[in-house]
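In case you want the letters, here they are:
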Amino acid sequence: MSLVKRGTVYGTLLNFRGELDALGPKVNEPPYKAPPQAPVLYVKPANTWTENGGTIAIPAGFEEVEVGATVAMVMKSAREVFGYVLMNDVRLPHESLFRPPVKFNCRDGFLGIGDRIRARNEAGDPAVFKLEVRVNGELKQTVRFSQLLRPADKLLADVSEFMTLGEGDMLMLGCDVGRPRVRAGDTVEIKMPALGTLTNTFVAEAA
């Protein structure tokens, strides 16, 4: 499947145990009032897509952004997963979790997408996926997908209850807490043996 022909890319919030734990009692207070009962999704439109090896601009007026190392399911049909791909779901630091503003998540270039899709039957069980995130060669985060609240199959089943995914659509499994922050000049590598390495360098936005 060609990445050029990909469809809509969806992100998933609050799908790691650590994310809810970090909210603490706030999850039961307004505006949340309770933990989410269904997947919390958002869209990463085409203007955000950056290829493996590409540069990502930090918008003028901001000194740093947050790296979001994750894996996305690449759909073959509405309920069938073709394979998995690495993603770097970049965002501006913010506290709004249930309804993240577009201006924080959808800046130009704010989604690094790996160039290697590993077929589902070759990648193994997503529950044992583990990513290493390195900034300028230094290990900054390890993401273990055994900590998902909704494992990949459960997430897909729950999403499919209220929307239909099409061929080429991509559904991210989520980003854990402890997202590294990076500045202009930093290079981020997200690695997983089965899926290769996704590399993006951050630069200051051109005047």
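Relevant structure appears above.
Residues numbered from 1 in each chain as written. Predicted model: local features only at pLDDT ≥ 70, side-chain atom pairs only at ≥ 80, totals over all residues. Heavy atoms only, no water.

Looking only at helices and strands, the chain features 4 helices and 15 strands. For a compact globule of 207 residues, the expected C-alpha radius of gyration is about 17 Å, and the chain comes in at 16 Å, within 12% of that figure. Overall, the C-alpha framework of the chain stretches about 45 × 45 × 30 Å when taken along its three principal axes. Of all 207 residues assigned to the chain, the portion counted as buried reaches 48%. Put simply, 75% of the contacts in the chain that link residues at least 6 apart link residues at least 24 apart. Charge centroids of the chain, computed over 25 positive and 25 negative side chains, lie 2 Å from each other. (Helix = DSSP H or I, 4+ residues; strand = E, 2+ residues; numbered from the N terminus. Rg over C-alpha atoms; globule rule 2.2 N^0.38 Å. Buried < 20%, exposed > 50% of the residue type's maximum accessible area, 1.4 Å probe, protein only. Contact = heavy atoms within 4.5 Å. Lys, Arg positive; Asp, Glu negative; His and termini not counted. Charge placed at Lys NZ, Arg CZ, Asp CG, Glu CD.)

Here we take up unusual backbone geometry. Phi angles above zero are rare outside glycine, and L14 is one such case at about 55°. Mapped onto the secondary structure, L14 falls in the loop between β1 (9–13) and α1 (17–23). For L14, a relative accessible area of 3% translates into the label buried. One non-glycine residue, N136, lies in positive phi territory at about 55°. Tracing the backbone through its elements, the reader meets N136 in the loop between β10 (130–135) and β11 (138–144).

This brings us to the sheet that holds strand β15 (residues 196–204). Strand order in this open sheet of 5 strands is β4-β15-β14-β10-β11, and the pairing throughout is mixed. If you trace the sheet from one side to the other, it starts and ends with β4 (55–58) and β11, each paired once. Ignoring which end each strand starts from, the neighbouring axes of this sheet average 25° apart. When strand β14 (residues 187–192) meets β15, the two strands line up antiparallel, connected through 6 bridges. Its bridge partner lying in β15, I190 is registered against L198. (Pairing = 2+ DSSP bridges. Axes fitted to C-alpha atoms, helices over the stretch in contact; angles between N-to-C directions.)

Here we take up helix α4 (residues 152–160). Among the residues making up α4, those that are buried are A152, L155, L156, D158, V159 and S160. Buried positions along α4 lie against β1, β2 (40–43), β6 (69–75), β7 (81–89) and β12 (170–172).

On the secondary structure map, A157 appears in helix α4. Distance from A157 to R79, taken between C-alpha atoms, is 7.7 Å for residues 78 residues apart in sequence.

Counting 41 residues, the largest nonpolar core has V71, M73, L131, F145 and F202 as its most contacted members. Where this core is concerned, the elements lending two or more residues are β4, β6, β7, β10, α4, β14 and β15. In this structure, V9, A72, V85 and L111 belong to the second largest nonpolar core, which totals 9 residues. (Core = buried A, V, L, I, M, F, W, Y, C linked by side-chain atoms within 4.5 Å.)

The values reported here are purely geometric and, on their own, carry no functional implication.
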